[in-house]
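Here's the letter readout for the chains.
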Protein chains: 2
Amino acid sequence: MGGRGRDDRGGDRNDRSPAEADRASPVFSPSAELPPLDPDEEEALRRIGQRWRSEAPGRSPHLRKLPLDPALGRYHPPPAPRRLGRLTRVEMFQPDEPGELVTTSSAAVPASRTGRALARARRILLGPPLSSAALLQERMRKLVALPVLSSDLLSSVAYGPEAMVAVLALAGAAALNLTLPIAAGLVVLMIAVGLSYRQTIRAYPHGAGSYLVASYNLGARPGLAAAAGLMLDYILTVAVSVSAGVHAVTSALPGLAPLAVPLGLLVIAVLLAGNLRGVRAAGNLFALPTYAFLVAVALLILVGMVRAATRGFAPVPPPPVPVVEGLSLLLVLRAFSSGATSMTGIEAVSNATPSFRPVEWRNARTTLTWMLSLLVVLFVGLIVLIHLNGLVPRADETILSQLAHRTFPTGPWYALIQAATATILLLAANTAFNGFPRLLFFMARGGHAPRLFLHLGDRLGFSNGIVFLAGTAALILVAFRGETALLIPLYAVGVFLAFTLSQLGMVVHWRRARGAHWRKRLAVNAVGAVLSALVLATSAVTKFAGGAWVVVVAVPLIVLVSLRIHRHYARMDRALRLAPPPATPRFGWEAEERPQEVRHLVVVPVDRFNLAVLRVLAYAASLGPPVLAVHISPEEEEADRFREQWEAWGDHVRLEVLVSPYRAVIPPLAHYLQALHTLRPDLALTVIVPELVLRRRWHRLLHHRTAPRLRRALREVPGIVITSVPLHVPC
Amino acid sequence: MGGRGRDDRGGDRNDRSPAEADRASPVFSPSAELPPLDPDEEEALRRIGQRWRSEAPGRSPHLRKLPLDPALGRYHPPPAPRRLGRLTRVEMFQPDEPGELVTTSSAAVPASRTGRALARARRILLGPPLSSAALLQERMRKLVALPVLSSDLLSSVAYGPEAMVAVLALAGAAALNLTLPIAAGLVVLMIAVGLSYRQTIRAYPHGAGSYLVASYNLGARPGLAAAAGLMLDYILTVAVSVSAGVHAVTSALPGLAPLAVPLGLLVIAVLLAGNLRGVRAAGNLFALPTYAFLVAVALLILVGMVRAATRGFAPVPPPPVPVVEGLSLLLVLRAFSSGATSMTGIEAVSNATPSFRPVEWRNARTTLTWMLSLLVVLFVGLIVLIHLNGLVPRADETILSQLAHRTFPTGPWYALIQAATATILLLAANTAFNGFPRLLFFMARGGHAPRLFLHLGDRLGFSNGIVFLAGTAALILVAFRGETALLIPLYAVGVFLAFTLSQLGMVVHWRRARGAHWRKRLAVNAVGAVLSALVLATSAVTKFAGGAWVVVVAVPLIVLVSLRIHRHYARMDRALRLAPPPATPRFGWEAEERPQEVRHLVVVPVDRFNLAVLRVLAYAASLGPPVLAVHISPEEEEADRFREQWEAWGDHVRLEVLVSPYRAVIPPLAHYLQALHTLRPDLALTVIVPELVLRRRWHRLLHHRTAPRLRRALREVPGIVITSVPLHVPC
């Protein structure tokens, strides 16, 4: 139809251009679930409205005839009994302007008993719900954002240097001399990626994640590939860091080893609850361990450096190590890409930009700069200390632990450093709980993820995304029985895919946008892109058989699912998009948006006479439109008997009897209604069925439950409306 | 309320007195699901109808205004494409008298694709559906009824005598001399029970099962106890006989032993399918093996007697057996009750009486007489031969097998007898498939079991009962991993409970009804009752620890559940029973059965403007009653934006905006509607919600699915009708 084809881009209206995204402020708002109409739609709405004539002749306008004052401001529900016998008056609605009520938090609690119990439990666990007005207060201060968003990045420092040295050590002790040059290369990469993200945050102040940047500049598929890489990485981060943390605990207390999986689930549950409590609460909860780790490692580096200075910075020669393979370019690349795991987590700030206090981009950029500086200082410090002390990886002790032993041979410091390291490894998962839901929010806003990820939960966090992440990670934890070591090779592939695509996106951005110093900026991003791509290619190839193939399979799969989701939403939006009414009337009432075109026939299936059926008949007859009753009879005799009853009642409604000698009830009724619809597609058929409301669930087994069955059978038939009249029977 | 209290017995209208039950004919008819109104109700219906005034002033009567000819006789759906490209025209409805259509078997097939596929599969497996008119043809001839109903009884002969001799042998070889006297006692019991059932069938020609007889004469609880005993026994019969049959097969072919459970399930599936095909088909299928067993055992007895005659009927002395315990009255009682298992299955005819060809009771009685005669002849013959041959139970071979070996030392006869025995043991389950669903039918008719057991399936069998039996037996088989030997002690307790109660019921019946020879008849039933009670007590006590406690626990439990079911139905019937309208109007429209008393308010929840919402608004406005639109907004800004759109559209419907700062949607809406209902309980609130019809199931994850969630939230609120307007979006 002309009216539809014209608006093909309707479905994509959420894929906003950066300029459009800039207009919509704030980004993480509850209104994201209800996007505004575009100007075309507004115009169409006006024109549709002009052709609406709702008053049938002889009826008074609805506006005046409304039989009650709908402003319920004066309504007070009866006081709710409390335990200990006291009564409290529960306010549900407060009148605002005329025709507008503001609901209180009590109205957000379901009325059912289980609903109330769940709400109470949630309140105890997560705190009272927060009003949308508190959104600004829930934004992150820089000093809260730093620990929340950097725990993943900083924890990487605990294993990144060791991973690099371990690869080099394969070529013997001599190869370890390459440590410093490779580390220098990594620092260049870190600074390039960091600067690049700084630029991205400034250029896209309303969300600078790889998904957005790659989508805007490279297209939907690259954007989704970046998102898929990040999603996988976030999920793996939670599963691996939790199981590694639990492993550290069970190594110390072997008695707990059989409880590894329940303990892991407990940790995930704590992270889940902490993050569901909201950004601020989670920040307060998880800030201390991050700062403790920071202080511990800084102290380690400081003391180590002082000790080295007393030796005149003379390096201790490393012990001889067996040569497993020759020194080659591939080995160097592998060492480089292993060391690059130190910088996973650097992307955390980008999607979280809109969660900072205003001015958002400035605060986000400052935080990123701090994080980057900390990363470089810690990484360089550790690498230098490892080199100076001639440490090589050992099977029984991590390099960090060796370093701590050497630096603090006595005193409680060693134990403290180890405890801080274990905690930060556990808390790396917390960054994922911040990044993942925001990534899904942006995907959902673009129509690439289910819209439920747009929803701001009770505590103004993206609770659906948080729960989804916890659920997926818990599933992986259980599936691998807590032994997630197998998953470590999968790391870094996804995140470097995202880095590469986001930098490439920025290169395109600068070429298009130009502006001051664009060449310099483009160069920074280009260097970052090349180095990231190098790490991506190296780790994908070298770890392919070890597990990276999972990422290579999963990323296109996630992209595919996202595209299917997008296609569905796009079609749906296109089908439901407001468009000016066509010149020729459409076929069938279901396509009609003006009341004067809708004609009704009400159909009431009647099985036998009882009060329920009589009430449904009364309801139907009082509505206004003509009513047809249909009785399905298994036998001629029963049909005759029923017809006699119908006449005894007074034959007030036209009755049609269907004799169903095969004793089926629902299918003949559905076929009959379908036949009615085929004969008169212009009629709106409203089927009214009584629906018993039973107090006990098991009582459902005792009834035919015609209403839900009929609803299911009639789903596919167009043009049939189903009305359930509830019958509350006191039993 | 006076109108309700008066009709307290309304819920019990299905507990018909025998005289009432006699009037309703035939018993197993599809109309059993729709029982007729009683005279009080008919009168109330007439009086309610007189007060019905459906035409609002100014509207034309509904009868004439109906916008279509509802006789769809001329309607032909478009020809359905078939494979191989041919097209056939499917007739769905055939016009009968005016205002009446008869549906064809095509109309009994659901329209959905899965529904059609299931119907096709069922057709292939079970045959085409049978019309209610074929009910009489599906009745059993005596020669079909005999094998169907006697396989359980006859199979009992294969183990009953052995069980008796095995108990006696515990007291040494000398005790075996008691075999013949005890057997004589058992024959008296058999004849007493048999005669008693003959009398019952005559007295209650429309169903003579223990449940009915005990209910009529002793009350609901004894009736239910008898029913519970029988139900347990039927389920155990299927589980035990199938696993015993499979055990016989796996003993012969040990390779199949690991497949015991799947094989058992396969046998249950075959029995299920056979019985779902209908009584006649199952009879034809399962008659041959029963007759084969009959011939085989008769031949065994004949040849054995001839051989004994050549020896001048001199008994062979039994081999010495170790004396385990002394001969005592308890031992004799145990032998007696063990031998009594030979007569389990004798009750099969009683509930099946209405399934015989007319004259039902006469045919049923004749069949019972045949069965009884066969039982006595086979039992006596086998016992006498066992005695004459001096056989004692051996661990490695059954007595029947020993007897066959002795009688037919050579030739194929031994193998044939063994095969026939194995088959009849398997087929004993088939009698349960006949008895169990009919028992549940009678229980459901009395309101003591879910009403779905009243339903006559596609093939005019009680398919719900058949499926339930197969399912329960399969569960037990799987739970015990095919090792159901543990369940054998549970046998006989349930069935002798039923025997005892039914005979007691008959004693009461004769005392009440009197009639010709009532003293003699009472005596027969009294003897039967005493002997049955003896067996019941003996087996319950001696087998208590061995498993009979399960029955002792389960029977009261089943009785309790049945009483709860009955209470629910009784309350429901009382609540919905037609009663003359009260003088004072009732409170709230939901209790109203006259249209002139119902006033409407239509509420349309609106989330945003799109074509779907506009169509729902058009549907609502065109219905007639006043309309109120409600918008739930998460923020003030969004509320203002929406109100602007509403005015741009033309403000055709009164709008109420609820600002929900806690971002909940469903609970505030539900509370709002509840508040409306509380303020104006006289208004029928109809909430109209669009319901997206999605083509793919996984697409549901992509939508909020407000309609079902709202329906669930509003279930408990009285007076609120929910209308779902389907929206078929082509994606």
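Cut-off values and rules
Residues numbered from 1 in each chain as written. Chains lettered and ligands numbered in written order. Predicted model: local features only at pLDDT ≥ 70, side-chain atom pairs only at ≥ 80, totals over all residues. Heavy atoms only, no water. Helix = DSSP H or I, 4+ residues; strand = E, 2+ residues; numbered from the N terminus. Buried < 20%, exposed > 50% of the residue type's maximum accessible area, 1.4 Å probe, protein only. Contact = heavy atoms within 4.5 Å. Areas by Shrake-Rupley, 256 points an atom, 1.4 Å probe, with all protein chains shown as cover. Least-squares fit on C-alpha atoms with pLDDT ≥ 70 in both. Core = buried A, V, L, I, M, F, W, Y, C linked by side-chain atoms within 4.5 Å. Patch = residues over 30% accessible without salt bridge, like charges linked within 9 Å, V, L, I, M, F, W, Y side chains within 5 Å. Salt bridge = Lys/Arg side-chain N within 4 Å of Asp/Glu carboxyl O. Lys, Arg positive; Asp, Glu negative; His and termini not counted. Charge placed at Lys NZ, Arg CZ, Asp CG, Glu CD. Phe/Tyr/Trp six-rings, centres within 6.5 Å; stacked < 30°, edge-to-face > 60°. Lys NZ or Arg CZ within 6 Å of the ring centre and 35° of its normal. Buried area = accessible area lost by both parts, 1.4 Å probe. Polar contact = N/O pair within 3.5 Å; in protein donor to acceptor, adjacent residues only side chain to side chain.

Focus: the overall build of chain A
On a plain count of helices and strands, chain A comes out with 25 helices and nine strands. Across the 731 residues that make up chain A, the buried fraction comes to 57%. Once local pairs closer than 6 in sequence are excluded, the contacts in chain A between residues at least 24 apart make up 78%. As displayed, chain A offers around 29700 Å² of accessible surface, 63% of which is attributable to carbon and sulfur atoms.

Notes on the relation of the copies chain B and chain A
After a rotation of 180° and a shift along the axis of 0.0 Å, chain B superposes on chain A with an RMSD of 0.1 Å. The relationship between the two copies is best expressed as a two-fold rotation axis. By C-alpha distance to the rotation axis, the residue of chain B lying nearest is Thr723(B), at 2.0 Å. Interface overlap between copies: 100% of the residues of chain B at the interface are likewise at the interface in chain A, consistent with a symmetric, same-surface contact.

As for the nonpolar core
Formed by 153 residues in total, the largest nonpolar core has its most connected members in Leu149(A), Leu189(A), Val238(A), Ile346(A), Met443(A) and Phe496(A). Per-element tally for this core: the top contributor is helix H10 (residues 220–252) of chain A, with 16 residues. Leaving out residues up to four positions away in the same chain, Phe496(A) has contacts with Leu189(A), Ala340(A), Met343(A), Ser532(A), Val535(A) and Leu536(A). Within the second largest apolar cluster, 152 residues are counted, among which are Tyr204(B), Ala227(B), Phe453(B) and Leu469(B).

Quick look at a negative patch on the surface
Together, Glu42(A), Asp96(A), Glu97(A), Glu637(B), Asp640(B), Glu644(B), Glu647(B) and Asp651(B) line one region of the surface with negative charge. Ranked by residues supplied to the negative patch, first place goes to helix H23 (residues 636–649) of chain B with four residues. Topologically, Glu647(B) is positioned in helix H23.

Some points on the packing of aromatic side chains
To describe a pair of aromatic rings, one takes the distance between the centres and the angle between the planes. Evaluation of the coordinates by the stated rule reveals 28 aromatic pairs over all chains. A centroid spacing of 5.0 Å and a plane angle of 80° characterise the contact between Phe496(A) and Phe499(A), whose relative ring orientation is edge-to-face. Of this pair, Phe496(A) and Phe499(A) both sit in helix H19 (residues 493–513), separated by three residues, roughly a single helical turn. Among the residues examined, Phe496(A) registers a relative accessible area of 0% and is labelled buried. Put simply, the rings of Tyr234(A), Phe436(A), Phe453(A) and Phe468(A) touch in pairs and so form one group of aromatic residues. Over the face of the ring belonging to Tyr569(B) we find Arg451(B), whose NZ or CZ atom lies 4.0 Å from the ring centre.

Here we look at the environment of Phe453(A)
Along the chain, Phe453(A) turns up in the loop between helix H17 (413–445) and helix H18 (463–479). Excluding its chain neighbours within four sequence positions, the residues that come into contact with Phe453(A) are Leu440(A), Phe441(A), Ala444(A), Phe462(A), Asn464(A), Gly465(A) and Phe468(A).

Observations concerning unusual backbone geometry
Residues and elements named next belong to chain A. In this structure, the amide linkage connecting Pro 358 to the following residue, Val 359, adopts the cis form with an omega of -5°. With respect to the helices and strands, Val 359 occurs in the loop between helix H14 (348–352) and helix H15 (360–389). In this model, His 517 sits at a positive phi of 55°, which is unusual for a non-glycine residue.

Here we look at a nonpolar patch on the surface
Residues and elements named next belong to chain A. Together, Phe 544, Trp 549, Val 550, Val 552 and Val 553 line one region of the surface with nonpolar side chains, adding up to about 420 Å² of accessible area. Summarising the element assignment, Val 553 is placed in helix H21 (residues 544–576). Residue class for Val 553 comes out partly exposed when judged on its relative accessible area of 44%.

Description of the environment of Thr310(B)
With respect to the helices, strands and loops of the structure, Thr310(B) is situated in helix H12 (residues 279–310). Under the relative-accessibility criterion, Thr310(B) is labelled exposed at 66%.

What about the interface of chain B and chain A?
Taken together, the contact pairs 168 residues of chain B with 168 residues of chain A. In total, chain B and chain A occlude about 15100 Å² of area from one another, counting both sides; carbon and sulfur atoms represent 61% of this. Contact with chain A buries surface across chain B, with Trp52(B), Tyr662(B) and Arg663(B) losing the most and accounting together for 5% of the total. Linking chain B to chain A there are two salt bridges. Residue Arg643(A) pairs with Glu100(B) through a salt bridge whose shortest N-O separation is 2.1 Å. Between chain B and chain A we count 41 residue pairs in polar contact (both at pLDDT 80 or more) in total.

As for the pattern of salt bridges
Residues and elements named next belong to chain A. Summed over all chains, the structure comprises 26 salt bridges over all chains. Its salt-bridge partner being Arg 577, residue Glu 41 comes within 3.9 Å of it at the nearest N-O pair. Taken together, the residues span a long stretch of sequence, with Glu 41 in helix H3 (residues 39–50) and Arg 577 in the loop between H21 and strand S5 (599–606) at a distance of 536 residues. Neither Glu 41 nor Arg 577 differs from the other in exposure class; each is buried. Among the ionic pairs, Asp 458 bridges to Arg 122, the shortest N-O distance being 3.1 Å. One end of the pair, Asp 458, is in the loop between H17 and H18; the other, Arg 122, is in helix H5 (residues 113–126), with 336 residues separating them in the sequence. One continuous salt-bridge network, built from bridges that share partners, spans Asp 38, Asp 40, Glu 41 and Arg 577.

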